[in-house]
Amino acid sequence: MTVSVMRDEDLQELESFFVEYAETSMFQRSNLRAGGVVDRGDVYQGTYVGERDAEGSLCGVAVHYWTGGVMVQAPDGPSVALLECLREACDRPVRALLGPFEQVVRARAVLGLEGTPCDRASREFLYAIELEGVEGHALLREDGVVARRAAREDLDVLARWRVAYMSEALWMEPSEVDVEQARGVMVRAVDERRGWVLELRGELVAYTGNNAEVEEMHQLGGVWTPPEHRCRGYARAVISQQLLDMRSDGRARAILFTDEENVAAQRAYEAIGFEKIGLFGMFIGF
């Protein structure tokens, strides 16, 4: 086994490796398309380290992204050598660990973070849906209801919602959320056409977005309905429009993950047609 930092000339090999594990490598695939292999600290960039087997084929990859998040994709488990090489190659602090559940549990141990508290430690159900059979939600046919791509004029509301989402979903105190960072996430979602809103008689009542996308598939993230508008089908309605738009854009499949304890979200996604396909892990806020 050998480990090394990946370079520009390794782009195609990295993409091919991640395609083999497409459902749990969406962040890596999407970020590679947007930021490339070389890490200059810009948005969507990270330091990629690969491990090769005796035949010289990639068998594991770990990435340390611009956000401080580390992602692993190593079917036999991320090795000590792989993670040590990543730590030596990138001096950013580790803010989060994400990837297939068993792999991130091992990565946390190898990186010496088992005893380090974090804001959120969760096992997530991974879901998928084929877009061919998706239908629009009944709410979308009612007067005064509009589902559409998010626009610049929505940003003040969406930025507030993002702060609330991070507080609730990531178990953070509102005072601990970086408001400017939260707004920046929503600005990128709007400018890159990766966000959708549901309007009810001119009032925004729900949001959904893509946090990663490639040619054939997209990954939902940041789904949010303010507490006062919950249990009315708004999230399901806006997600159904998102899926229809993605199908029109040529995507064939969508995936997402949600906390195994979030039964309400699971019921909503399953009602749309999502099916469980595996487990994802997140340790966020070291």
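Note: the structure precedes this text.
Small disclaimer: the values here were computed from a predicted structure and weren't measured.

Visitor: Please provide a residue-by-residue account of the environment of Leu 97, values included.
Guide: As for its placement among the helices and strands, Leu 97 is situated in strand S5 (residues 96-100). Judged by relative accessible area, which is 1%, Leu 97 ranks as buried. Note: C-alpha distance between Leu 97 and Val 72 (25 residues apart in sequence) is 7.9 Å. If sequence neighbours within four positions are ignored, Leu 97 has contacts with Val 70, Val 104, Ala 107, Arg 108, Leu 111, Leu 113, Gly 281, Met 282, Phe 283 and Phe 286.

Visitor: Talk me through the pattern of salt bridges; I want residue IDs and the actual numbers.
Guide: The tally for this structure, following the rule as stated, stands at 20 salt bridges. Between Asp 259 and Arg 120 there is a salt bridge; the shortest N-O distance is 2.8 Å. Remark: Arg 120 occurs in strand S6 (residues 120-130) and Asp 259 occurs in strand S11 (residues 253-259); sequence separation between them is 139 residues. Grouping residues by exposure puts Asp 259 and Arg 120 together as buried.

Visitor: Just give me the short version of the nonpolar core, but keep the residues and values in it.
Guide: Here is a general trend for soluble globular proteins: nonpolar side chains tend to be buried in one another's company. Ranked by size, the top nonpolar core spans 46 residues in total, and within it Leu 14, Tyr 48, Val 61 and Leu 158 carry the most contacts. Broken down by element, this core gets its largest block of residues, 7 residues, from helix H5 (residues 155-169). If we skip the residues at most four places from it in the chain, Leu 14 touches Met 6, Leu 32, Val 37, Tyr 48, Leu 58 and Val 61. Within the second largest apolar cluster, 27 residues are counted, among which are Val 145, Val 223, Tyr 234 and Ala 265.

Thresholds, definitions, all that
- Residues numbered from 1 in each chain as written.
- Predicted model: local features only at pLDDT ≥ 70, side-chain atom pairs only at ≥ 80, totals over all residues.
- Heavy atoms only, no water.
- Helix = DSSP H or I, 4+ residues; strand = E, 2+ residues; numbered from the N terminus.
- Buried < 20%, exposed > 50% of the residue type's maximum accessible area, 1.4 Å probe, protein only.
- Contact = heavy atoms within 4.5 Å.
- Salt bridge = Lys/Arg side-chain N within 4 Å of Asp/Glu carboxyl O.
- Core = buried A, V, L, I, M, F, W, Y, C linked by side-chain atoms within 4.5 Å.

By themselves, these figures tell us nothing about what the structure is for.
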